[in-house]
Amino acid sequence: MTTRILLVDDSPTHRLLFQRVMEEEAENEVRTIPDAREALSLLQSKKFDVVVTDMHMPEMSGLELVQEMKQRHPDIPVILLTGAGSEAMATRALRDGAAGYVAKDLASEMLIGTVQNVVSMSRTRFDIDRITTCSNRVDIQLSLINDPSVLPEVVGLAQKLAQRIGVTHSTGMVQVGTAVDAALRNALFRGNLEIPYSVSTDEQFAETQKRIKNEPYKNRHIKVQLELNEEELKIVVADEGKGFDVKENSKMGLSLSGQRMGRGLILMWAFMDRVNYSQAGNRVTLVKSAVKKKAEPEVAKVDTSFGTLEAEDGSKTIKLTKKRLIIGRDTSCDIPLVNHLISSHHCILYLHEGWWFVRDMESRNGIRVNSAKLVNSRLSPGAKLTVGEMTFVIQYEPYRLGSEGPTPPADPF
């Protein structure tokens, strides 16, 4: 089946380069265009299966294109081409609706495969109507052999279950599929088969065929549990490998460009509502919350914020309105702060199991929690967060935000 691709990049050199890369696959038809606004106009009259866009463009950025596509063309997935220095914007674009990303310096190796995976997941929507009607509570447990060909079937099943909790548009389906696919591939290639990141994509096939026939790899399995209820879809993927250092490799979106290691972790974290690894690093739990229906008018008056940041000097109070918020001097940030000591994208706040955490985004001056300089930390209610020279006190109620059991560690990753 022909795949129709719209490539958006203001650089003539990059347009030619990436077009040639994608046209190495004979069934790809690539149309190039230099401007994001012109791309939106073209999409009104022409049908494409996927849009591949540069992040930085003069008239309209890749982030702005993603946001417009989500409103105007939610069934067409968007893949970002990222470069050094665009990590924060790319992370936000993934949260705002992008279906994937490829670092420009890895495009020759990864772009075709990323396009194929995203388009394949997008097309599964034509099979959704075939799912049988059943209870809203489902618990499926699978034991998979080390065969890459079975992974798409599990991805498709997860996407179908995601539809049952309200994930219906194509981009949302692609995002769920991409996250589950990343978890399964990590379990197979990095877990059970222990294939290192240094092995190229071309070499991986030969190495896979060799290892699945030999000890200790051939008898290992991937255990998958898909649990659905009215509130969420939970997918647990466990391998029988040696595990890995989750804290070391979970960079929370801070090293998108030019990095092979941790790419799957970034996609899982960006596309799912909760991602938890076991201490050994060989079991990951992905959670997608049900899409909430629009509240009735009387309910809409209830305060649905996730807490507040109160300036220590009493100058301002900031409501925490989303589960992930970027703080920085740039106006594109969720919480823009005008101060010369604050970096353009300074730090990120994220809600994890009912508790707020903060992570520095490699800012110039770092962050402090209760006067201690840290990179990543839990923010307990009443904790003081210092960004640049501005100090805020965070106020929230963990139990109201879903906290259960003991207090999580200062750094859950």
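Check the entry above for the structure.
The structure presented is a predicted model; accordingly, all values stated were derived computationally and were not measured. Each chain carries its own residue numbering, running from 1 in the direction its sequence is written. For a predicted model such as this one, the threshold for reporting local features is a pLDDT of at least 70, and the threshold for listing and counting side-chain atom pairs is 80 or more; totals across whole chains, interfaces and linings nevertheless cover every residue. In computing side-chain properties, one takes all heavy atoms of the structure into account and sets aside hydrogens as well as water.

*Asks:* In this structure, what is going on with helix α3 (residues 62-72)? I would like to understand it.
*Replies:* Every α-helical turn comprises 3.6 residues, leaving residues that sit three or four positions apart pointing alike. Exposure classes here rest on a 1.4 Å probe applied to the protein chains alone. A residue is buried below 20% of its type maximum, exposed above 50%, and partly exposed in between. Under the scheme used here, helices are H or I runs from DSSP no shorter than 4 residues and strands are E runs no shorter than 2 residues, and both carry numbers assigned from the N terminus. Looking only at α3, the buried set comprises G62, L63, L65, V66 and M69. Viewed along the axis of α3, the buried residues span an arc of 160°, placing them on a single side of the element. The directions from the helix axis to the C-beta atoms form the arc being described.

*Asks:* Got a minute to help me understand the state of the cysteines in this structure?
*Replies:* Joining two cysteines, a disulfide is a covalent bond between their sulfur atoms. Pairs of cysteine sulfur atoms within 2.5 Å are identified as disulfides in what follows. On inspection of all chains with the given rule, the structure shows zero disulfides. Take C333: it sits in no disulfide, and the sulfur closest to it among the cysteines is that of C347, at 9.0 Å. C347 gets classed as buried once you look at its relative accessible area, which sits at 0%.

*Asks:* Any chance you could explain the nonpolar core here in plain terms?
*Replies:* Proteins that are soluble and globular tend to have nonpolar side chains buried together. Judged by nonpolar contacts, the single largest core of 90 residues is most densely connected at L111, L184 and M268. Working definition of a nonpolar core: buried Ala, Val, Leu, Ile, Met, Phe, Trp, Tyr and Cys residues. They are joined through side-chain atoms within 4.5 Å. Formed by 34 residues, the second largest nonpolar core is a distinct cluster that contains I327, L349, L379 and M390.

*Asks:* What is the right way to read helix α1 (residues 12-22) from this model?
*Replies:* Among the residues of α1, R15, F18, Q19, V21 and M22 are the ones counted as buried. The arc that holds every buried residue of α1, seen down its axis, measures 160°, which confines them to one face. Across from the buried face of α1, at angles greater than 90 degrees, the exposed residues are P12, T13 and R20.

*Asks:* Would you mind going over the packing of aromatic side chains with me for this structure?
*Replies:* Centre distance and the angle of the planes are the two values used to describe a pair of aromatic rings. For Phe, Tyr and Trp, where Trp contributes only its six-membered ring, two rings pair if their centres lie within 6.5 Å, and the inter-plane angle classes them as stacked under 30 degrees, edge-to-face over 60, or tilted in between. Using the criterion set out here, one finds two aromatic pairs in the structure. Ring geometry for W269 against Y350: centres 6.4 Å apart, planes inclined by 90°, an arrangement best described as edge-to-face. Of this pair, W269 sits in helix α10 (residues 263-271) while Y350 sits in strand β15 (residues 347-352), and the two are 81 residues apart along the sequence. Across the pair, Y350 and W269 agree in class, each one buried. Each ring, one from Y350 and one from F357, has its centre 5.7 Å from the other, and the planes form 15°; the classification is stacked. Assessed through its relative accessible area of 2%, Y350 is described here as buried. Among the aromatic residues, those joined into a cluster by ring pairs are W269, Y350 and F357.

*Asks:* Sorry, what's going on with the sheet that holds strand β20 (residues 384-387) here?
*Replies:* Read from one edge to the other, the open sheet built from six strands follows the order β12-β11-β21-β20-β17-β18, with strand pairing classed as antiparallel. Two strands lie at the open edges of the sheet, namely β12 (317-319) and β18 (372-374), each paired on one side alone. Looking at each pair of strands side by side, their axes are set apart by 30° on average, direction ignored. A pair of strands counts as paired when DSSP detects no fewer than two bridges linking them. Bridging between β20 and strand β21 (residues 390-395) involves four bridges; their strand directions are antiparallel. Structural elements are reduced to axes, namely lines fitted to C-alpha atoms, with helices fitted over the stretch in contact, and the angle between N-to-C directions of any two is expressed from 0 to 180 degrees.

*Asks:* What exactly am I supposed to notice about the side chain of E232 here?
*Replies:* Among the structural elements, E232 can be located in strand β8 (residues 232-238). What qualifies as a polar contact is a pair of N or O atoms within 3.5 Å, subject to a donor-acceptor requirement within protein and to the restriction that residues adjacent in sequence count only when both atoms come from side chains. In terms of polar contacts, E232 uses its side chain to reach the side chain of R274, at 3.4 Å. The criterion used for residue contact is that any of the two residues' heavy atoms lie within 4.5 Å. Discounting chain neighbours no more than four positions away, the residues touching E232 are I165, E227, R274, V287, K288, S289 and A290.

*Asks:* Looking at this structure, how should I read the pattern of salt bridges?
*Replies:* When the charged atoms of two side chains with opposite charge come close together, those side chains can pair. What makes a salt bridge here is a side-chain nitrogen of Lys or Arg within 4 Å of a carboxyl oxygen of Asp or Glu, nothing more. With the rule as written, the count across this model stands at 13 salt bridges. A salt bridge links R72 to E68; the shortest N-O distance between them is 3.0 Å. Of this pair, R72 and E68 both sit in helix α3, four residues apart, roughly one helical turn. When its relative accessible area of 44% is taken as the criterion, R72 is described as partly exposed. Across the salt bridge formed by E194 and R220, the nearest N and O atoms sit 2.8 Å from each other. Of the two residues, E194 sits in the loop between α7 (170-192) and α8 (201-211) while R220 sits in the loop between α8 and β7 (222-228), which places them 26 residues apart along the sequence. R220 gets classed as buried once you look at its relative accessible area, which sits at 11%. Overlapping salt bridges bring together E194, R220 and K242 as one network.

*Asks:* Help me understand the sheet that holds β8 in this model?
*Replies:* An order of β6-β7-β8-β10-β9 is seen for the five strands of this open sheet, with the pairing classed as antiparallel. A strand with exactly one partner marks an edge of an open sheet, and here the two such strands are β6 (138-144) and β9 (274-277). Pairwise comparison of adjacent strand axes, ignoring direction, gives a mean angle of 10° for this sheet. One ladder, built from four bridges, connects β9 with strand β10 (residues 283-289); its direction is antiparallel. For N276, the partnering residue across the bridge sits in β10 and is T285. Each of β9 and β10 is contacted by α10, which is oriented at about 140° to β9, the strand it contacts most.

*Asks:* How do you make sense of the packing of helix α2 (residues 36-43) against α3 when you look at a structure like this?
*Replies:* The description of two packed helices rests on the angle between their axes and on the distance between the axes. At a closest axis distance of 11 Å, the pairing of α2 and α3 adopts a crossing angle of 15°. As the angle between them shows, α2 and α3 are arranged roughly parallel. Where α2 crosses over α3, the two elements pack in a sense that is right-handed. Across the interface between the two elements, A36, L40 and L43 from α2 touch L65, E68, M69 and R72 from α3. Ten residues, namely Ala, Val, Leu, Ile, Met, Phe, Trp, Tyr, Cys and Pro, are considered nonpolar, four, namely Asp, Glu, Lys and Arg, are considered charged, and the remaining ones, Gly among them, are considered polar. For the contact of α2 with α3, the residue count by class is five nonpolar, no polar and two charged. What sets the label is the angle itself: under 35 degrees gives roughly parallel, over 145 gives roughly antiparallel, 65 to 115 gives roughly perpendicular, and the rest give oblique. In a left-handed crossing the near helix is turned counterclockwise from the far helix by less than a right angle, and in a right-handed crossing that turn is clockwise.

It is worth stressing that arrangement in space is one thing and function is another; only the former is reported here.
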